[in-house]
Amino acid sequence: MAKDSYLVGLVGAGIGPSLSPALHEREAGRQGLRYLYRLIDIDALGVAPEAVGELVRAARDLGFDGLNITHPCKQLVIEHLDALAPQAEALGAVNTVVFEADGRAVGHNTDVTGFAASFARGLPDASLERVVQLGAGGAGAAVAHATLTLGAERVTVVDAVAERAAGLAGQLCGQFGAGRAVAAGLERLPDMLAGADGLVHATPTGMAAHPGLPVPAELLHPGLWVAEVVYRPLETELLRTARASGCAVLDGGGMAVFQAADAFRLFTGREPDTARMLVDIEELAESSAGQVV
């Protein structure tokens, strides 16, 4: 018989304001499930990110069905898992752990599929010949993989830490082929964006705790589409400025929903209603707009 009760959680640092619990529990409630989503905040627990292995083992022993994993544990958790799904193995990062019936802990990555699904829905006709991505951290790695999977000819990775951009570009070329990704310094942004089809933004700038524009407003032009990873708020200063500049835009809410939907499916084996979850994210983001992320 199919289960009707689930215990899942999120492991990460500073995750108190996360919308994931409400997003998962709302959908579970509509499906008649008892579904408890707990936050396991390493800051609140006073433990280092390296303790993620102990937390995963404890969750399995306590009967959790699975965990979501976020910063700064997405790479650290891998060595503590029994197996990786192909997407997680290729990316070298895990954001979802499923505890299977035989007790194995299997890592997945739904950030990649989440961004890809959101982009295909929100910017279906966008040109992907020349894409500039700002940010090469954990979220940046996932969305860069997704963008190349969607068919981008070349992704130029720009990051404040040059070595991080170079490392990600090298990893992408190793998976997708030589020349599919290159690294560039921040000083090259004006030239890069002038000739680009689109900009993917994958840094914290624009969150409530990190307000502001990640790129100068004058670099945005009508021939450019702009995709945002930040979803709190849904309407970041970058998106407002880009829209006013004539750019097609994509907010980060879709990625948040589709990655959560993929995780929900992995945890429960049930099909989530993403249309309803997209309404949920707008309501939840609006109601928490005044909170610091």
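Because the structure is predicted, anything quoted here is derived from the model rather than measured.

What follows concerns the sheet that holds strand β5 (residues 96–99). Either a parallel or an antiparallel arrangement is found when strands of a sheet pair, and the pairing is made through backbone hydrogen bonds. Spatial ordering of the open sheet is given by β2-β1-β3-β5-β6-β4, a layout of six strands whose pairing is mixed. Where the open sheet ends on each side, the last strands, each with one partner, are β2 (34–41) and β4 (83–84). The pairing of strand β1 (residues 5–12) with strand β3 (residues 66–69) spans four bridges and is classified as parallel. By the bridge assignment for β3, Val11 is matched with Ile69. Docked against the sheet, helix α1 (residues 20–30) engages β2 and β3, running at close to 170° with respect to β2.

Taken together, the six strands give an open sheet; going across it, the order is β9-β8-β7-β10-β11-β12, and neighbouring strands pair in parallel fashion. At either margin of the open sheet sits one strand with a lone partner, and together these are β9 (181–184) and β12 (248–250). Shown here is a sheet whose adjacent strand axes are inclined to one another by a mean of 20°, direction ignored. As defined by bridge partners, strand β11 (residues 225–228) adjoins β12 across three bridges and the pair is classed as parallel.

All right, on to the pairing of strand β10 (residues 198–201) then. Covered by surrounding structure in β10 are Gly198 and Val200 together with Leu199 and His201, the residues of both alternating faces. Looking at chain direction, β10 and β11 are connected through four bridges and run parallel. The residue bridging Gly198 from the neighbouring strand is Trp225, located in β11.

Moving on, we get to helix α5 (residues 110–122). Across its 13 residues, α5 extends 18 Å between first and last C-alpha, which sits within 8% of the 18 Å expected from 1.5 Å per residue. Taken together, the buried positions of α5 are occupied by Thr110, Asp111, Val112, Gly114, Phe115, Ala116, Ser118 and Phe119.

Judged by nonpolar contacts, the single largest core of 32 residues is most densely connected at Phe115, Phe119 and Trp225. Of all the secondary structure elements, the ones that give two or more residues to this core are α5, α6 (138–149), β8 (154–158), α7 (162–176) and β11. Within the second largest apolar cluster, 19 residues are counted, among which are Val158, Ala184, Leu189 and Val215.

Of the volumes computed, that of the largest pocket is approximately 1200 Å³. Contributing to the lining of the largest pocket are 39 residues, with Thr70, His71, Lys74, Ala139 and Met207 lying nearest its centre. Elements with a minimum of two residues in the lining of the largest pocket: β3, α6 and α10 (253–268). With three residues, the top contributor of residues to the lining of the largest pocket is α10. Partitioning the lining of the largest pocket into residue classes produces 19 nonpolar, 15 polar and five charged.

Where side chains of opposite charge bring their charged atoms close, a pairing between them can arise. Throughout the structure, instances matching the rule amount to 16 salt bridges. With a closest N to O distance of 3.6 Å, Asp197 and Arg130 form a salt bridge. Of the two residues, Asp197 is situated in the loop between α8 (189–194) and β10 and Arg130 in strand β7 (residues 130–134); the sequence distance between them amounts to 67 residues. Relative accessible area serves as the criterion here: at 12%, Asp197 is assigned to the buried category. Salt bridges linked by common partners bring Arg26, Glu27, Arg30, Asp273, Arg276, Asp280 and Glu283 together as one network.

Analysis parameters
Residues numbered from 1 in each chain as written. Predicted model: local features only at pLDDT ≥ 70, side-chain atom pairs only at ≥ 80, totals over all residues. Heavy atoms only, no water. Pairing = 2+ DSSP bridges. Helix = DSSP H or I, 4+ residues; strand = E, 2+ residues; numbered from the N terminus. Contact = heavy atoms within 4.5 Å. Axes fitted to C-alpha atoms, helices over the stretch in contact; angles between N-to-C directions. Buried < 20%, exposed > 50% of the residue type's maximum accessible area, 1.4 Å probe, protein only. Expected span 1.5 Å × (residues − 1). Core = buried A, V, L, I, M, F, W, Y, C linked by side-chain atoms within 4.5 Å. 1 Å grid on protein atoms, 1.4 Å probe; cavity = no way out; pocket = protein on both sides within 12 Å on 5 of 7 lines; lining within 4 Å. Points joined across faces, edges and corners; volume = space filled by probe spheres on them. Nonpolar A, V, L, I, M, F, W, Y, C, P; charged D, E, K, R; others polar. Salt bridge = Lys/Arg side-chain N within 4 Å of Asp/Glu carboxyl O.

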